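# Survey of secondary and tertiary structure
In case you want the letters, here they are:
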Amino acid sequence: METQIARLSAPDVGDDEFVTLLERSRAGDSQSLLHILELLEPDIEKLSRFMDMDRRDAAQALRTELIERVLKG
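Residues numbered from 1 in each chain as written. Predicted model: local features only at pLDDT ≥ 70, side-chain atom pairs only at ≥ 80, totals over all residues. Heavy atoms only, no water.

## Comments concerning the packing of helix α3 (residues 30-48) against helix α4 (residues 55-72)
Across the interface, α3 lies against α4 with an axial gap of 10 Å and an inter-helix angle of 140°. When the axes of α3 and α4 are compared, the pair comes out oblique. The chirality of how α3 crosses α4 is right-handed. Residues Leu 33, Ile 36, Leu 37, Leu 40, Glu 41, Ile 44, Glu 45, Leu 47 and Ser 48 of α3 pack against Arg 55, Ala 58, Ala 59, Leu 62, Arg 63, Leu 66, Ile 67, Val 70 and Leu 71 of α4. For the contact of α3 with α4, the residue count by class is 13 nonpolar, 1 polar and 4 charged. (Axes fitted to C-alpha atoms, helices over the stretch in contact; angles between N-to-C directions. Helix = DSSP H or I, 4+ residues; strand = E, 2+ residues; numbered from the N terminus. Parallel < 35°, antiparallel > 145°, perpendicular 65-115°, else oblique. Left-handed = near helix turned anticlockwise from the far one by under 90°. Contact = heavy atoms within 4.5 Å. Nonpolar A, V, L, I, M, F, W, Y, C, P; charged D, E, K, R; others polar.)

Right under this line is the structure:
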């Protein structure tokens with residue numbers, strides 16, 4: 001699933017690089033986690049438009065969920 005996300009949301013990043021970012025994030029590397037968030041930010045902004053709440057709140061909810069899922073594996 002991780003490689004599908006990379007291909008769709010971060011096409012400039014190779015599958016191996018994205019998986020490495022995930023692994024580093026899970027190991028506690030906050031810079032890798034921030035990089036993932038930056039890569040997926042355009043998708044977060046697009047998705048937040050369709051949520052039935054304030055866009056900023058929706059984007060933050062999506063970021064929080066993403067962080068939880070990355071860290072849990």
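There's more to say after this.
## Here we look at α4
Under the 1.5 Å per step criterion, the end-to-end length of α4 is 26 Å for 18 residues, consistent within 8% with the ideal 26 Å. Within the span of α4, buried status applies to Ala 58, Ala 59, Arg 63 and Val 70. One side of α4 holds all its buried residues, which, seen down the axis, span an arc of 135°. Close packing links the buried residues of α4 with α2 (15-26) and α3. Residue Gly 73 follows α4 closely and has a positive phi angle near 85°. (Expected span 1.5 Å × (residues − 1). Buried < 20%, exposed > 50% of the residue type's maximum accessible area, 1.4 Å probe, protein only. Arc of directions from axis to C-beta.)

Limitation: the analysis is restricted to geometry and does not speak to function.
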